[in-house]
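Examination of the molecular architecture
Now for the letters of each chain:
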Amino acid sequence: MEKVLVLLTFLGSVIALVFALVTAKKVLKFEEGTPLMQKISASIREGANAYLKRQYTIVAIFFACMFVVLCIMAATGLLTWFVPFAFVTGGFFSGLSGFIGMRIATKANCRTANACRSSLNRGLRVAFSAGSVMGFTVVGLGLLDISIWFTLLKFVFKLDPSAITSAMLTFGMGASSMALFARVGGGIYTKAADVGADLVGKVEAGIPEDDPRNPAVIADNVGDNVGDVAGMGADLYESYCGSILATAALGAAAFIHTGDTAMQFKAVIAPMLIAAVGILLSIIGIFAVRTKENAKMKDLLASLAFGTNLSSVLIVVATFFILWLLKLDNWMWISCAVIVGLVVGIIIGRSTEYYTSQSYRPTQKLSESGKTGPATVIISGIGLGMLSTAIPVIAVVVGIIASYLFASGFDFNNVGMGLYGIGIAAVGMLSTLGITLATDAYGPIADNAGGNAEMSGLGAEVRKRTDALDSLGNTTAATGKGFAIGSAALTGLALLASYIEEIRIGLTRLGTTDLTLPHGNSVALQDATFFDFMHHYDVTLMNPKVLSGMFLGSMMAFLFCGLTMNAVGRAAAHMVDEVRRQFREIKGILTGETEPDYERCVEISTKGAQREMVVPSLIAIIAPIATGLIFGVPGVLGLLIGGLSSGFVLAIFMANAGGAWDNAKKYVEEGNFGGKGSEVHKATVVGDTVGDPFKDTSGPSLNILIKLMSMVAIVMAGLTVAWSLF
């Protein structure tokens, strides 16, 4: 029976990858358009491939160094020998999912633009199909990696569930490391190009967006792919795997004291089965997405929402059925935790849509603030972003309490099952990632299609259709980021609990058999509960080591954002200088007689991103190791709590403020408040420029930071318990 359940998980991953392959072939059958459209698409593809080649070279060096470090730790008994190899496979599949998604996206942009020559619905189908290739590649590769490792550790090496989940959590660190490099590097690249293209092209030279006379226009379009597709693919691969692995680890921990290995196995396999069934139901949702010609923004949003909501409703029904078949203890209420996760995800998504879409009042008011200049646009956007954090935070708080109580049988003292419920809620939120990621990846494809249409001179009607798709893409991307950030909060909490189990395993390797408690009492290590570990390490708010860790964790979120924002600023300054130089020195660019030097701008963005991504990424990895060596386990727990709480709220603020600034500009460009070229438009372009690194670099990177710090802490738990300064 056990082998059959693991086989079902493996089959789910195969179905996802086959669907991605079939959909990719369908997309590639669409015509690429005119020779000029094909040339532009090829330039974007070459730039994106060149960037990824250079990025993966740098990341490979980092992974080689970390592999050696983990091998040394394994040789000294601090880790098992599975860990270094799991770390490498996690990073490899994370990078591969981003690369495949970017390949199809760069081939789909001209096809989407060409399809928009026929109809809006045809353009949507091409872009959305290409986005779904990305979505199903991510979930397929994620579940494939998990099922292969689980099969090896369970049926070949005969490990017990706790040891299996402990080893498998490590490939989450590999995936998180790759995701952070991809997100930060891609985010710096895309925003340096975007800021340079907007400030000099639109504001100073007064030429339209994506105009072929702008030297940074190809780099800008390349950036959409390396940041919003390759970076996002690696990011959500890590989120998807992290939620499943953390929940599996909590399932193993929840039944560790009962001696019921059959129930322990069921708790471990349950999140994997939910994810596998979620793939099938996401495919059903994909086929449900349709729209009419001349559809308005709300109609387009409703069309995509129908597909995602249908998949969500079906996964709820399927979860009850799966857990009932498994006969998992308290199966009915644990199933309700999945409903909680989905509802929280939908609330965060709808809240994001309300605050960032130009169909609603907040973004329209933000556009109106441009009447008094760029300063009020900035002030209003920051205020809007801060206000927008309330609903998601309250939703996550209610979700945490509700899922904990449901799974624990409404007993706050049943910590093991309660935390398992929180993990299951995170799995529920990401179970339909195939379709939610399709709606997210669709955005940059539509954006590139608009650029291709403008540069190819396809006419006002085609550009109107691509603008409609692009504007929808901004909102779906913001909604997707909301899902990613919300799942990061729940997964981060689950990983925090998994860290305690790693402490138990680390102490066991050191030969510890008993855990000393206050007042001289002791308890056998294998029988120790979460509360026993908290008492042993004095994890209370009055412990200065915990408080110090919390302050450091909160600081990490802001330090990381500061480093990435400044990195974008420096890289963008080089781009602005280059675009101005070309306008000044290359005669005939603005009259259209001479073609700009696009390759020089692509090279500037590539070099800037590679140089700037290293320091923020390394700090995220070093911080939990250093905190553990200085303050021990209490300091690390404080660091993770501080990073999770402040990082979560800051990420929502930055993603929503940036999304609102972007769509406020789009609202003006639709003809409101004077339309394109007006003073209000110039003011909102400045707001959009400020918002670019908010929503596409620092904001989305924060949810990886939250989980990467947790993953590093988990992998280094053996070192932390073996030695610390205090």
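Everything in this summary refers to the structure shown in the same document. (Residues numbered from 1 in each chain as written. Predicted model: local features only at pLDDT ≥ 70, side-chain atom pairs only at ≥ 80, totals over all residues. Heavy atoms only, no water.)

1. Observations concerning the overall build of the protein chain
Helix and strand counts for the protein chain stand at 20 helices and two strands. Whereas a compact globule of 726 residues would reach a radius of gyration of roughly 27 Å, the protein chain reaches 25 Å, a difference of no more than 12%. Counting only residues that meet the buried cut, the protein chain has 65% of its 726 residues in that class. Contacts in the protein chain between residues far apart in sequence, at least 24 positions, make up 83% of those at least 6 positions apart. Taking the average location of the 51 positive side-chain charges in the protein chain and that of its 52 negative ones, the two points are 5 Å from each other. (Helix = DSSP H or I, 4+ residues; strand = E, 2+ residues; numbered from the N terminus. Rg over C-alpha atoms; globule rule 2.2 N^0.38 Å. Buried < 20%, exposed > 50% of the residue type's maximum accessible area, 1.4 Å probe, protein only. Contact = heavy atoms within 4.5 Å. Lys, Arg positive; Asp, Glu negative; His and termini not counted. Charge placed at Lys NZ, Arg CZ, Asp CG, Glu CD.)

2. Side note on unusual backbone geometry
Of note in this structure, N330 is not a glycine but carries a positive phi near 55 degrees. Here N330 is to be found in the loop between helix 8 (297-326) and helix 9 (331-356). Positioned with a positive phi, D538 is a non-glycine residue whose angle comes to about 50 degrees. Within the secondary structure layout, D538 lies in the loop between helix 16 (530-536) and helix 17 (544-585).

3. A closer look at the state of the cysteines
Counted according to the given criterion, the structure contains zero disulfides. This cysteine, C71, is not joined by any disulfide, and C65 carries the nearest cysteine sulfur, 12 Å off. (Disulfide = S-S within 2.5 Å.)

4. Comments concerning the packing of aromatic side chains
For the coordinates displayed, the defined rule picks out 21 aromatic pairs. On the numbers, 5.5 Å between centres and 75 degrees between planes, the contact of F92 with F93 is edge-to-face. Where F150 meets F265, the ring centres are 6.0 Å apart and the plane angle is 45 degrees; that geometry is what we call tilted. Of this pair, F150 sits in helix 4 (residues 120-156) while F265 is found in helix 7 (residues 261-287), placing the two residues 115 residues apart along the sequence. Accessibility assignment for this pair places F150 and F265 in one class, buried. One Lys or Arg, K327, reaches over the ring of W324 and ends 5.8 Å from the middle of that ring. (Phe/Tyr/Trp six-rings, centres within 6.5 Å; stacked < 30°, edge-to-face > 60°. Lys NZ or Arg CZ within 6 Å of the ring centre and 35° of its normal.)

5. Considering the packing of helix 4 against helix 7
The N-to-C vectors of helix 4 and helix 7 enclose an angle of 160 degrees; their axes lie 11 Å apart at closest approach. With respect to helix 7, the element helix 4 is oriented roughly antiparallel. Viewed along their axes, helix 4 and helix 7 form a crossing whose handedness is left-handed. Each of R125, F128, S132, F136, V139, L143, I146, F150 and K154 in helix 4 lies in contact with helix 7, whose residues at this interface are F265, V268, I269, M272, A275, A276, I279, S282, I283 and I286. For the contact of helix 4 with helix 7, the per-class residue count stands at 15 nonpolar, two polar and two charged. (Axes fitted to C-alpha atoms, helices over the stretch in contact; angles between N-to-C directions. Parallel < 35°, antiparallel > 145°, perpendicular 65-115°, else oblique. Left-handed = near helix turned anticlockwise from the far one by under 90°. Nonpolar A, V, L, I, M, F, W, Y, C, P; charged D, E, K, R; others polar.)

6. A look at the environment of T261
Position of T261 among the secondary structure elements: in helix 7. Along the primary structure T261 and I625 are separated by 364 residues, whereas in three dimensions their C-alpha atoms are 33 Å apart.

7. Thoughts on the packing of helix 5 (residues 161-204) against helix 18 (residues 598-669)
Remark: helix 5 packs on helix 18, axes separated minimally by 9 Å, with the N-to-C direction vectors making an angle of 30 degrees. Considering their axes alone, helix 5 and helix 18 lie roughly parallel with respect to each other. In the crossing of helix 5 with helix 18, the sense of the turn from one axis to the other is left-handed. Grouping the amino acids of the contact of helix 5 with helix 18 by side-chain chemistry returns 13 nonpolar, six polar and four charged.

8. Regarding the side chain of R504
By secondary structure assignment, the location of R504 is in helix 15 (residues 460-509). With a relative accessible area of 3%, R504 lands in the buried category. In this view, R504 contacts I256, H257, L525, Q526, D527, A528 and F533; residues no more than four positions away in its chain are not counted.

9. Describing the pattern of salt bridges
Evaluated as defined, the whole model comprises 31 salt bridges. For D688, the salt bridge goes to K665, with nearest N and O atoms at 2.9 Å. With D688 in helix 19 (residues 679-715) and K665 in helix 18, the pair connects residues that are 23 residues apart, well separated along the chain. Residue D688 is classed as buried on the basis of its relative accessible area of 2%. (Salt bridge = Lys/Arg side-chain N within 4 Å of Asp/Glu carboxyl O.)

The values are spatial; any link to function lies outside them.
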